[in-house]
Structure formats: C-alpha cells, structure tokens
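Structural description and commentary
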Number of protein chains: 4
Amino acid sequence: MCRFTLYLGPSIRLSKLLIEPEHSLIHQSVRSKERREPLNGDGFGVGWYAPRLSREPAVFHSVTPAWSDRNLRELSRVVASPCVLAHVRAATPGFGVDLANCHPFAWRRHLLMHNGYLNEFTRLRRRLLEPLCDEAFNRVRGSTDTEHVFAVFVDQLLRHEKADERAPDPALRLAERLAATLQRVLAASQAAGVQAPHYLNLAVSNGQQAVVSRFTTDPASEGDSLYVLQGQLYETTAQEFGQRAQEEREPASIVSSERLTPARAWAAVPRNHLVVLERGAAPRLLPLGAGAELAH
Amino acid sequence: MCRFTLYLGPSIRLSKLLIEPEHSLIHQSVRSKERREPLNGDGFGVGWYAPRLSREPAVFHSVTPAWSDRNLRELSRVVASPCVLAHVRAATPGFGVDLANCHPFAWRRHLLMHNGYLNEFTRLRRRLLEPLCDEAFNRVRGSTDTEHVFAVFVDQLLRHEKADERAPDPALRLAERLAATLQRVLAASQAAGVQAPHYLNLAVSNGQQAVVSRFTTDPASEGDSLYVLQGQLYETTAQEFGQRAQEEREPASIVSSERLTPARAWAAVPRNHLVVLERGAAPRLLPLGAGAELAH
Amino acid sequence: MCRFTLYLGPSIRLSKLLIEPEHSLIHQSVRSKERREPLNGDGFGVGWYAPRLSREPAVFHSVTPAWSDRNLRELSRVVASPCVLAHVRAATPGFGVDLANCHPFAWRRHLLMHNGYLNEFTRLRRRLLEPLCDEAFNRVRGSTDTEHVFAVFVDQLLRHEKADERAPDPALRLAERLAATLQRVLAASQAAGVQAPHYLNLAVSNGQQAVVSRFTTDPASEGDSLYVLQGQLYETTAQEFGQRAQEEREPASIVSSERLTPARAWAAVPRNHLVVLERGAAPRLLPLGAGAELAH
Amino acid sequence: MCRFTLYLGPSIRLSKLLIEPEHSLIHQSVRSKERREPLNGDGFGVGWYAPRLSREPAVFHSVTPAWSDRNLRELSRVVASPCVLAHVRAATPGFGVDLANCHPFAWRRHLLMHNGYLNEFTRLRRRLLEPLCDEAFNRVRGSTDTEHVFAVFVDQLLRHEKADERAPDPALRLAERLAATLQRVLAASQAAGVQAPHYLNLAVSNGQQAVVSRFTTDPASEGDSLYVLQGQLYETTAQEFGQRAQEEREPASIVSSERLTPARAWAAVPRNHLVVLERGAAPRLLPLGAGAELAH
C-alpha cells in the first residue's frame, strides 16, 4: 500500500509535483489522507524522462523516507521533465525495504509503479514467473508482488513488440498491454485458488504515453483512491523552461493516488477503469470488465 | 522531539523493551501517543552495556526508521544487557538525518540521549562551545542541539573526574553533573537573550547508574511526557539468562517518554525533576529549581 | 567473488576475527591478497549464534563497506559467540548492492555464505528454482546466484528434515546436504548446457556443526583460496568470558578465504574437498568427486 | 585524501566526466593512480549547476562507494550541466563517513571540494571557527577539516559580498577569496604551533567562474597531483544538447586530480598555484607565495 503520482505534459520542475503542492507526494509520505494507515515511509522512487539526453528514463531510488531525503529535495529543484512517475512506499509486512523493491520499476523505455497488493502473493509467485520469457524472468531482482506484475507486463510488451511498433494509437496499445497484464495476474490467482481480493492501481509509461488503472477484485471496495486532473493547475512553466508558445498551451495531465491540491478540477477515476494519457490529448477513460478485459 | 526508553536492572533481552511491549519504542516510532506529531522516523539509536566484554557501551545507529530496520530486529533478539538506552528520532527541521546526529551519544563509559529541543539553538551554539575543554569540544561531530548539550555534560564530567572517582553515592554525583549541564545551558541561553522556552528531557548513564530529567523553562508546560516504572513488569528474565536467584529478585527500573505497557505501576515523573537510578535500589526523585539547581 | 571467515569453538569476541588480526576480514575488504581484484567493498554481513538467547542465529547486513562501518566496529567489540560466519562482498557486476543480496543468508537455524560464482547464472536460474519446494522457493528475495544455491540447500534440508533429526554424526549429515546441493547445481548447469566453470566455496552452519567447500569445475584452477586452522591461535578467551576450564581447553576451528595471521598452523584446504567441523573435534577433510559426490 | 574533477564549459552529460573516460572519477574511486592508497570508497558527491532552473547548484551526496551507486549512474546519464564538481572520498581515519561530511559543500551559489588534509586538525578547529561571522559558523554541520575551511571561505565571501558584486574580473575576485582562505588557515596553523605540513588542493565555483588550488606547506612535496585540460577532448556535445554553433566552439576546461584520458593536452598544475577558469576564456595560472598570498 503506497501512494503515487504520474505527470505527463510540458516539462515541469519535479518540486512542483513532489514538494510544493499543499498535499504533495512528500506530504503524503508522512500523512496520506485516503489510506487507513497514513504513513508511507519505507523508501521512495522517482522515474523521469529526459528526452533530449536519453530515450530511457532515469530512476532515483532510496530506502530512506522521502520526507527527509536531501538528495530528493536537491534533485526536485533542478530537474524538469515532461513525464514523471513518483512513488512513496508503505512496505507490505515481510517485503524488505530494499533498493531492489523500490518503485518505479524500469525496463528499457518503460516504467511501472503500483499502489495496492496481491493477496496471498507467495501462492501466486511461481505461477506468475513460470510462463515468462527469459528476458522478463531475469528482470526480477527483488521480492515484491509489484515487480512480478511488472515482469508479466514486460513479457506482454515483448510478445507484441514488433506489432506495436507499427500500430496506430500507441496509447491504446499500452492500455491493452496493461489490461492483458491484469488478466494474466487474475488467471494465475484463479488457478492458484486464491479467493482473497487484489488491489491493483498500476501506472505505466514509455515517456510519450501513460496508462493508469484503478482496479480491484474486491466487490466491497471501490479500489484504492485515484484521481485525474487535466489542465493548467500550476502556473505556466513554459517561460521558465524556455518552451515554445505552442507547448505552453499544451495541457498537462496528472494521475495521483490523492489530490495534490484543493482544486475542483480533480476527478475521481471510477472503479475498474483505465486512464489513458497521451501528450497533447485529453485523458480517456476505458472501463475494465471483472476479468480486466478491455471493452473496446 | 523524539521518544526514548532507558532500562537499568537484571539483563534483559532488547526485544522485550523495543519490540514486544504493546506500546514499545518501535511502536512509538510509528505512532507515539503523547506528542502532537506521532511520527519518529528520522533514524534511531540503541546504546547498551556488555559488562563482561567492555566497560564502554556499544552504540548502534541508523538513519532508516526503526520500524523497518532488520538489523535492529536481529540485534534485539540476541542481545541482552543490564543497561539499555534507546531512542527514536523526529529530526528538528533543518538538522540533518545523519549518523552523526543519532542518539544516544557516547563518550567513554557514558551515554546521553534527549527528547526535546533548545529554542533558537543557532544563537546558543557558540556560547555552548566556547567554554568547553578541548576534549569535550572535539567530541562534537554533528549539528544537533543535543550533541552540544552532551559536550557540556562531558566537560562537567572531565572537570570533576578525579573527585568523582572517590566520591560516595555515584548516582548522586551523576545527577549533579546533569543538573550542572542544564544550568550551563540555561546560563548560555540567558546570556544570548533567548526568551523562547527549552525542553530538556535528558537521559544519561554510565552503565551502573542513570539519571533522567524532565525539565522545561516553559511556564505553560509540564515538559515532555516522562514515566518511571520499577518492578517485575516483564516475566522474569533470570532463568533465561542463567542469572543467580538473587539477581532475579533485583527489581528493574525503566524510564520512558511513554508507558510501554498498560500496567498501573507506571508513574509520571513530575515537572522539573530528576529520576536517579542505581542497580538494586529504588528510583529517587530529586526536584530541580527554575535554574535547574539541585535542592539537596 | 568475495572473502569469508567461519569460526566454531569457545565463545570469541567478534573483533578478534574481524578487526584485530593482521589480515582480518576487514583488512581483506580493502586489500585481499589472494584475489586478482583486492577490493571487497560491496557490503558485508556477519551471522552469529547466541545459544543462550536464541536457537536461530542473528544476522547483521550492510551495503556500506565493512572498513568504514561504525556499527560493525561497535558490535564486534561487545558481541562474543561460539559460531560466527562473516563475509565481505565484491558484487558480481550486474548483481545489485542490496541488503537482500548480502551474505550470510539465513533460514531457521542455518546460515550459508559463498565465495565464487556461477557462470552464466541467468541460464541456470530457472532450472535451480523449478524443482524447489514452496518454502525453499519463497526464501529467495534477491538476485544473487548464492541465494539460489542457498534455496537448493534449504530444499535439501527440508527433504531430509525428519531423518536428520534422529541420525548420528550430524556434521556428516550437514556435509551430505551441502554435497547434494553442489550436485544439484552441477546437474542444472549440465542440463542448461553451460560449459563455463563454476566456483563454489560455500560455508554452512547450524551453530553446532559447520561445513565448508573448496570446489570448482574449472580443471585449470585449484578453486578459490581456502584455509583451515585449528587450535589456540588467539590468546585464550576463556577467562574473558568466564568460561569453564574444560571449555577453555577446547580447540577452536577457523576456515577462511585467506589466512588471518602469519601463523604456520594454517593449512590450505585441497581442491574439491569439504572441511567438516564439530565443536570439540578436529576438522575432517572429505574429498568430493568431479560431480561433487561425497566418497564415503 | 580524495580525488576530484571540476568541469566548466558547454553543457556536458555527467557520464562523460564520471563514467565513460578510461580513467574516469568512478574509476579513480576504485583504483586511483597517483595516490599511495588507490581506494576512494568512503562516499562521494556531485554538485552541478542547472542555470535555467536555479541559480543555486544541486548537490547529490552518498555514503556508499561511487562505483556501485545506481542512482549516480542513472543521474549521470540524464543530467547535463555547464559546471560540474565531483568528488570521491577517502575519509581521513576518525572522520566519519556521514552525509554531512561529503564534498562538495554548498552555500548559496558556491561549491567547494578538497583533496588533501590539514594536519593536527583538532588543534586548529577552534581557531578556524572563532573568527567566523555567525552565518559562516552555523554553516558547519559535520566534522571534516574541509568543511571548516569552507566556512572560512564563506566568511571571506560574506566580508566582500557588496564589493565583489560590482567588481570587474569576477574570476580573479574568486581567486582572491580562495587565496585569503588559505592564508587564514595557515595563520591559524601557525598560531596553534602546528609544524606538520598541510595539503590543500581546493576547488571552488559559483557556476560561472571556478578556481582550483594546488597547494602544500610541505617543502618536500609537490602537493597532491592536479591537472588541467582545455579544449575539445570529448566529441562535441553541442549537437546532443541542441546548443548553438557558437557555444559549440567554446572550449571546455577540466581540472582534475588525475588525468581522465591519455590525451597529451593534460598539463600538470605547478606546485602552489591557482588555476583560474572562466566560461569562454583560457585557464589562467597564478602563483601563490609560501603564505598563500597572490602575487598580482
């Protein structure tokens, strides 16, 4: 159980997401509002894209709490990026607070982070690993449920790699990969006879597109909280970064476990939906069936 | 602002203080009850005496939160000691979360830890350092108010070193050194013209005796919470450690920022008092004057 | 590629193994003599048994270099133990420097540490995991070759658990479990078609018995260096710990990647042998066949 | 005793300084060539300027060795900067490996890092602190000789703050501040009667100008090694960062404890000299007298 924030839009200084907002992610690391346990102090991670320097995102991980990490404050002040995934962790008891267990997880151009958990994960672990191709299998270096879900996602990406390169609507392709990932997790759970519910708010991105799920198999729950905001919430950052006027008018999208600000523009993501983001376009909401199938 | 626990008595397994009690120090690191801010996640420290192996205590410090530290859990399970000082830290904003800033602070046979803070410490720092002898001065390696108070305490110990060796009632001698430390801090504060109040719950020990203050210059406050317990709260540990029957009957004393258990035997330490502990004897309470002078 | 030291005998202060000897393990962390690369600075670990307090050993792990770790120095001064396994790590490139990857690995009463590596481990990983029982499988939390070998060893222990409880010569039983572990690793390697050689100096213990292998499949190599010493190398520690006279006369055994002292009593362990240790008995040397089968 | 590298010129990707060169700073952290002790594994730090985002530099510090730090590798790949100061530390025994002790030290727009040490620093510490203004005094948060020298430098900056704002040739002004810092350190040493020599290779910058000293009071030594290079050592980075053609032709300067590459263009800085750097200009060499006075 954790909290996360994903940003896609014109370059933004990280501190504007992580530190400055009234209810920033660092604030949520100490005192989240929409979890029973307000504390997310078991390390954190930030992944961001620097398109002029690398196609692959950079990831900064730490096992110390986000609220006291001086390196995070320094970075947040001088790094700007058009695509940011940030995560504060509340470790599931028994999963170690290790660098290898920090979100977001990275593979080539993709990042993934998770808020939620798989119930009875030890019963699922082998079933998740078994069908993986070697590259996805060997990507697993830690012990979290999330990293195993990520390996399934990587496996999906690899299976469709060639087709996806040529396909139109890459954001929808990414949504399909995430939905298929969820489906495989649910199938493994069913095969293992696990009855207890799963909570799977997952955020993935390749720097250009991003998809975030609000999903649970718990009929009694709406799933973990998730909000989306589009527009110029923060004062324009275009001038600051010397961006062109056109880029300045491009709206930004933020998907976050909790609302960063009191702005009324935050909308709750409905239960069992995907939010699909693309630079320069409005967020799309796609419903998921009970088995996580995309109805499109 | 932090939480601490001091134990003096027959050897006790550290986990019985730090982990097992309903409201153990590790529990207080996540959710303390008697502070406005319940979180003490900015590192921790444990100091303990191993009399058969060393006259000088050992100190284990970490900048990660106590609740997730596996090394602390391992140590707590296999280390037993007759004198333990343990501390979870909530760093005063601006003081770094650094190993050098973790309590307890050690010098030769002595340990000191602190719950509270000196207001306007940057105005006091030079005045505290100036009169120190070189050895006490060079003991300062970090930036906390506490470590500077500790240097004053070390200076007091060094000034009275020879006399204290031959003096009767070493626990009372230790109380005098702590009271004089408080007095010097207050004098420095007055000389600097600092009006704002100070909060100085300090615990010191040499492994045989221990003294803990509940002290504040704030007329509107009782000082930070502090409790003392004497007796066989925990099931006897004598058998476990092969202790002699006599030792088994020796009562233990615990002084703690918060009550570790719901037992009725916990007594609140009155405002501006010292608790003086000695192996095998009942705790003594000594009142302190407004200037921290011992009235004896 | 790492360095390790295992001790079994009358209680010894850890510093006498890790710090004080001329060529102590901490010294080897900076400047090992018998590896091409002298540096072992990618974290360390110490496991030790405290029989009066727990049947299960304690483990202290750190990702910082052993030479500068203050907690290790403090612990080493005040902890004494009859059975110690200590390890300084030189991470194989690509395996992260993570707490979960630090040796020794622990499971119930057993510890294991490793000096060497499995070639082409990514080709072996799945084959090692597949036949494991669930408990052994779920023990894997990191990404090292060693932890996977440990899981095979745990699987062996579990398979023979009941029989081993009643069996005579528990040290020989432990040797059989380690030899079978090696055999399974070699079989997996052969099945995967890996030709490159493996280096498997492994040390295991349950606190009462210990077994250490010097083993390699490289026909051109003697295997990584390994030495054994029996006797009162260090001044007697019996007095220090209040041990009985009988215990004082009990010889200690040390098996170490490099000789800790210039004493002539250190003997090189021959290639492809096990050293079998038991409290109060002289070390036994058992030869291993090319497939790691015990010839007894 | 440490190793450092300072870069001033068109924006460069950090990895081109820290990782890619044959004898990069990360390589020097494991195996420096021009120190008796090749190891610099006691933490590291990188300070860099991001002029479009902040006037004040960012600093990334870690107590783990540079060679294994994944965050450093990630950052180096996606951060580009026109002014970089990077440092790998070999802690003087007794000075803790703490974040507060990592170089470079930062104050407002200035950074400072050090290769060398002050002999008998504990005898100098009070004399260095005493004359400082409060702001410089309170900047000291750790225990290194370097941070105390930095406080003297900050004190010099503050004393000349107003005059320096209007003064021509800001690089020369910075050189004067550094020379005066050295002079005050030498005066304190003389007043304390310290005879043993000091080693003071210091690098300072404000992002636009930089000054580096090679200085020692040891008549038998040339001082710690120091080299300067000007020109297009690395393939042009202009295209990569979308820099204008003019900027592309601007030469870069690097001052480094050891030569990063085998290029012949590296020149040894003579003993007791300052290297003065300014964007777009050739490095100037200024001799220092025995008392560190600038002869100009």
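Here's what I pulled together on the structure shown here. The model shown is predicted, which means the values in this text are computed figures rather than measured ones.

Conventions and cut-offs
- Residues numbered from 1 in each chain as written.
- Chains lettered and ligands numbered in written order.
- Predicted model: local features only at pLDDT ≥ 70, side-chain atom pairs only at ≥ 80, totals over all residues.
- Heavy atoms only, no water.
- Salt bridge = Lys/Arg side-chain N within 4 Å of Asp/Glu carboxyl O.
- Buried < 20%, exposed > 50% of the residue type's maximum accessible area, 1.4 Å probe, protein only.
- Contact = heavy atoms within 4.5 Å.
- Buried area = accessible area lost by both parts, 1.4 Å probe.
- Polar contact = N/O pair within 3.5 Å; in protein donor to acceptor, adjacent residues only side chain to side chain.
- Helix = DSSP H or I, 4+ residues; strand = E, 2+ residues; numbered from the N terminus.
- Least-squares fit on C-alpha atoms with pLDDT ≥ 70 in both.
- Lys, Arg positive; Asp, Glu negative; His and termini not counted.
- Expected span 1.5 Å × (residues − 1).

**A short note on the pattern of salt bridges**
Residues and elements named next belong to chain C.
- The full count for this structure, using the stated rule, is 68 salt bridges over all chains.
- In this structure, Arg139 and Glu147 form a salt bridge, with 3.1 Å as the shortest nitrogen-oxygen distance.
- Arg139 sits in the buried class, given a relative accessible area of 9%.

**So, the interface of chain A and chain D**
- Across the boundary between the two partners, chain A contributes 23 residues, which contact 23 residues of chain D.
- Both sides of the chain A and chain D interface together cover about 2,000 Å² of buried area, and 50% of this is carbon and sulfur.
- It is Arg52, Leu53 and Val78 of chain A that lose the most area in chain A upon contact with chain D, and together they represent 30% of the buried surface on that side.
- Joining chain A to chain D, the criterion identifies zero salt bridges.
- Run the count over chain A and chain D and you get 12 residue pairs in polar contact (both at pLDDT 80 or more).
- Listing elements by their share of the side of chain A that touches chain D, those giving two or more residues are β3 (58–62) and α3 (70–78) of chain A.

**A few points about the relation of the copies chain A and chain D**
- For the pair chain A and chain D, the best superposition has an RMSD of 0.0 Å and corresponds to a rotation of 180 degrees with a translation of 0.0 Å parallel to the axis. On the angle and the small slide along the axis, the relation comes out as a two-fold axis. Scanning chain A for the C-alpha nearest the rotation axis identifies Val79 of chain A, at a separation of 4.1 Å.
- In this assembly, 100% of the residues forming the interface of chain A have copies in chain D that are likewise at the interface, indicating an isologous arrangement.

**Things to note about the side chain of Arg214 of chain B**
Residue and element names in this part refer to chain B.
- In this structure, Arg214 sits in strand β8 (residues 209–214).
- The buried charged residue Arg214 lacks any salt bridge, with Glu222 as its nearest oppositely charged partner at 5.3 Å.
- Apart from the residues lying within four places of it in its own chain, the contact partners of Arg214 are Asn201, Glu222, Gly223, Asp224, Ser225, Leu226, Val269, Pro270, Arg271, Asn272 and His273.

**A look at helix α6 (residues 145–159) of chain A**
- Taking 1.5 Å per residue, 15 residues should reach 21 Å; α6 of chain A reaches 21 Å between its end C-alpha atoms and fits that length.
- Among the 15 residues that make up α6 of chain A, 14 are buried, leaving the element largely enclosed by the rest of the structure.

**Topic: the relation of the copies chain C and chain B**
- Rotating chain C by 180 degrees about the axis while translating it 0.0 Å along that axis superimposes it on chain B, leaving an RMSD of 0.0 Å.
- Counting the interface residues of chain C, we find that 100% of their copies in chain B are interface residues as well, pointing to one common contact surface.

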